[in-house]
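Inside the fold
Each chain is listed here by its residues.
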Amino acid sequence: MGKIHNYLADTNRKIDAFLQKSKLPPLLKNKYVLLVIIVVVAILTTSLLSTDSILNQVPNYVVKRDNFSVSITESGEMRAKNSTAVQSPRIRNLKIVYMIPEGSHVKKGELVAKFDPTEAIQKVQEAESQLEIEMSSKKKVIANHKSAMAKMESSLKSAELSYELSKLNLEQMKFEAQAKQEEAKLQHEKNKLSFAEVKQEYESKQIIQQSEMNEQEIKIQQKRAELNKAKRDLERMDLYANADGMVVYGINWANSGRKLKVGDTPWGGMTIVTLPDLSKMQSSIYVNEVDVSLVKDSQKVVVRLDAFPDSAFSGYVTEIAKIGKEKDGDSQIKVFEVNIDLADTSDILKPGMTTSNKIIINEVPNVLFVPHEAVFTKDGKKIVYVRSGTDYDEVEVVLGDKGEDFVIIKSGVSEGDEVALIDPFDEELQKDNQQDVQLPNS
């Protein structure tokens, strides 16, 4: 009010001076009439400037008619659909001493990694020594057996001769006295029993010696098997490519999930390198549990590389995980892995590249749509603000399918309409505009 009062007082003085010099009609020489006219003009000018200022501050969007895509966009990672893993041998205490540079293209049979062979060489030497010991033990057993069997054969032969002699002597005693015949008969029985015992002992000794030899042969076979295994383990200290491909280092999950390097100590059966087949690539993404129900097999996908944003590849959904997993370690949000096969390939596609994947959920032809920011809720209704000259009209609309950035308008607007992207009647916007607009100087 103070500004207006000062403005009017100053204007009143200037009017008096102006009227004295002017040749205006009598009606306009009435300073009060002229003052009213000036005030009305000032108010109209201020109103127009205020309206123009608001229009300049409100961003607009021109309603378009075009094909509309309902889509989901997720980040992912490029990888080969098919790849071959080269794994470490199932041996303890492995240490990597060489790895072919990552990204190298190798042929099947080419060396890709080496492990420290020191311990494997030592095991081979120990196994060779153990086998030699058992072979020496076998020779000793054979020598002992020969000596023992020679004695047994001698004893058996002696007992057999004694038995045969007593048999002859018994025949010769037929014409001797009864007492001598009985004595000869008893001696014969004694020699017969002795021969049988020695013969039984001889046969038992043969069985025992054969058992000992079998046991020794088993020990030798065990030591020979240990030696062969040690030699195979030594040979497995060198890893060779089992297919043609480009080398990608494996992940060391024991060390914060970084890639393997020389000096690492992987466990047996761990993937050291993978050899992806670059002729067929796919993008792997994770979709949250809210949106995964919208994703179906064979849906079209536009795949872009973060490193090459101007390039776009056509793809399609090929696999949707049946079981979700936690998005992060402590997160309760579940995500599902989705694999997208690329329909074509390129030299710029490399495993591990980050991707942006736009899954086309639905395509609606020839419809009107506006950005989400252009739609407001008022009294439970969906409205837009359509520009009309120097003002905006509040228009109720009916919405259709929603996309990530836009929403279909079924009714309420026409093609070419300009809709506000912020509320033009927002109190804060009006307040700020009033502070910016000043009364004009005369």
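Residues numbered from 1 in each chain as written. Predicted model: local features only at pLDDT ≥ 70, side-chain atom pairs only at ≥ 80, totals over all residues. Heavy atoms only, no water.

1. Focus on the overall build of the protein chain
Within the protein chain one finds five helices and 24 strands. In the protein chain, which comprises 442 residues, the share counted as buried stands at 32%. Intrachain contacts of the protein chain at a sequence separation of at least 6 include 75% that bridge at least 24 residues. A total accessible area of about 27,900 Å² is found for the protein chain, and carbon and sulfur atoms account for 52% of it. (Helix = DSSP H or I, 4+ residues; strand = E, 2+ residues; numbered from the N terminus. Buried < 20%, exposed > 50% of the residue type's maximum accessible area, 1.4 Å probe, protein only. Contact = heavy atoms within 4.5 Å. Areas by Shrake-Rupley, 256 points an atom, 1.4 Å probe, with all protein chains shown as cover.)

2. Points about the sheet that holds strand E3 (residues 83-87)
If you trace the three strands from one edge of the open sheet to the other, you get E3-E12-E9, paired in antiparallel fashion. Strands at the two margins of the open sheet, each flanked by one partner only, are E3 and strand E9 (248-249). Two elements, E9 and strand E12 (residues 271-276), share two bridges in a ladder whose sense is antiparallel. Within E12, the position partnered with Tyr 249 by the bridge is Val 273. (Pairing = 2+ DSSP bridges.)

3. Observations regarding the packing of helix H3 (residues 118-172) against helix H4 (residues 178-235)
The axes of two packed helices give the description: the angle between them and the distance between them. Interaxial distance between H3 and H4 falls to 8 Å at its minimum, and their mutual angle equals 170°. As the angle between them shows, H3 and H4 are arranged roughly antiparallel. Residue classes in the contact of H3 with H4 are distributed as 24 nonpolar, 15 polar and 19 charged. (Axes fitted to C-alpha atoms, helices over the stretch in contact; angles between N-to-C directions. Parallel < 35°, antiparallel > 145°, perpendicular 65-115°, else oblique. Nonpolar A, V, L, I, M, F, W, Y, C, P; charged D, E, K, R; others polar.)

4. Examining unusual backbone geometry
For Ser 298, which is not glycine, the phi torsion reads 75° and is therefore positive. Mapped onto the fold, Ser 298 is located in the loop between strand E13 (281-288) and strand E14 (300-305). We note that Asp 379 has phi near 55°; this positive angle belongs to a residue other than glycine. With respect to the helices and strands, the residue Asp 379 is situated in the loop between strand E19 (376-378) and strand E20 (381-388).

5. A look at the sheet that holds strand E7 (residues 238-240)
Taking strand neighbours across the sheet as the criterion, the three strands line up as E4-E6-E7 in an open arrangement whose pairing is antiparallel. Looking at strand neighbours, the two that pair on one side only are strand E4 (96-99) and E7, the edges of this open sheet. Each strand of the sheet is rotated relative to its neighbour by a mean of 15°, with strand direction disregarded. When E4 meets strand E6 (residues 111-115), the two strands line up antiparallel, connected through three bridges. In the sheet register, Ile 96 faces E6, and the bridge partner there is Phe 115.

6. Section: the environment of Gly 250
The residue Gly 250 is located in the loop between E9 and strand E10 (251-252) in this model. Considering only alpha carbons, one finds Gly 250 and Lys 261, 11 residues apart in sequence, at a separation of 9.0 Å. Not counting residues up to four positions away in its chain, the partners in contact with Gly 250 are Arg 258, Lys 259, Leu 260, Thr 271, Ile 272 and Val 273.

7. Regarding the pattern of salt bridges
With the rule as written, the count across this model stands at 12 salt bridges. With its nearest N and O atoms 3.9 Å apart, the salt bridge here joins Arg 65 to Glu 415. With Arg 65 in strand E2 (residues 64-80) and Glu 415 in the loop between strand E23 (406-411) and strand E24 (418-420), the pair connects residues that are 350 residues apart, well separated along the chain. Between Lys 114 and Asp 238 there is a salt bridge, with its nearest N and O atoms 2.7 Å apart. Of this pair, Lys 114 sits in strand E6 while Asp 238 is found in strand E7, placing the two residues 124 residues apart along the sequence. (Salt bridge = Lys/Arg side-chain N within 4 Å of Asp/Glu carboxyl O.)

8. Looking at the packing of aromatic side chains
Counting across every chain of the model gives six aromatic pairs. Both rings, one in Phe 68 and one in Phe 369, keep their centres 5.4 Å apart while their planes meet at 50°; by these two values the pair is tilted. One end of the pair, Phe 68, is in strand E2; the other, Phe 369, is in strand E18 (residues 354-371), with 301 residues separating them in the sequence. The interplanar angle of 65° and the centroid separation of 5.6 Å between the aromatic rings of Tyr 385 and Phe 425 together place this pair among those described as edge-to-face. Highlighted residues: Tyr 385 in strand E20 and Phe 425 in the loop between E24 and helix H5 (427-436), separated in sequence by 40 residues. Members of the aromatic cluster, each reached through a chain of ring pairs, are Tyr 61, Phe 68, Phe 369 and Phe 406. (Phe/Tyr/Trp six-rings, centres within 6.5 Å; stacked < 30°, edge-to-face > 60°.)

9. A closer look at the confidence of the model for the protein chain
Summary statistics for the protein chain give a mean pLDDT of 84 and a share of 83% for residues scoring 70 or more. The spread of mean pLDDT over the elements of the protein chain runs between helix H2 (residues 31-57), the lowest at 52, and E6, the highest at 97. Of the regions scoring below 50 in pLDDT, residues 44-54 engages in 12 contacts with residues more than four places distant in sequence or in other chains. Below pLDDT 50 for its whole length, residues 434-442 participates in 12 contacts with residues either more than four positions away or in separate chains. (pLDDT = per-residue confidence, 0-100.)

10. Regarding the environment of Thr 345
Relative to the helices and strands, Thr 345 resides in the loop between strand E17 (334-342) and E18. With 32 residues separating them in the primary sequence, Thr 345 and Phe 313 have C-alpha atoms 8.1 Å apart. Setting aside residues up to four positions removed in sequence, Thr 345 forms contacts with Leu 278, Ser 279 and Met 281.

11. Regarding the side chain of Gln 209
Among the structural elements, Gln 209 can be located in helix H4. Relative accessible area serves as the criterion here: at 8%, Gln 209 is assigned to the buried category. Excluding residues within four positions of it along the chain, Gln 209 makes contact with His 145, Ala 148 and Met 149.

12. Some thoughts on the pairing of E12
Examined bridge by bridge, E3 and E12 share five bridges and lie antiparallel to one another. Bridge pairing links Val 86 to Val 273 in E12.

13. Quick look at the side chain of His 145
Here His 145 shows up in helix H3. Assessed through its relative accessible area of 10%, His 145 is described here as buried. A polar contact of 2.5 Å, which involves the side chain of His 145, links it to the side chain of Glu 212. Ignoring any residue separated from it by four or fewer positions in sequence, one finds His 145 in contact with Gln 209, Glu 212 and Met 213. (Polar contact = N/O pair within 3.5 Å; in protein donor to acceptor, adjacent residues only side chain to side chain.)

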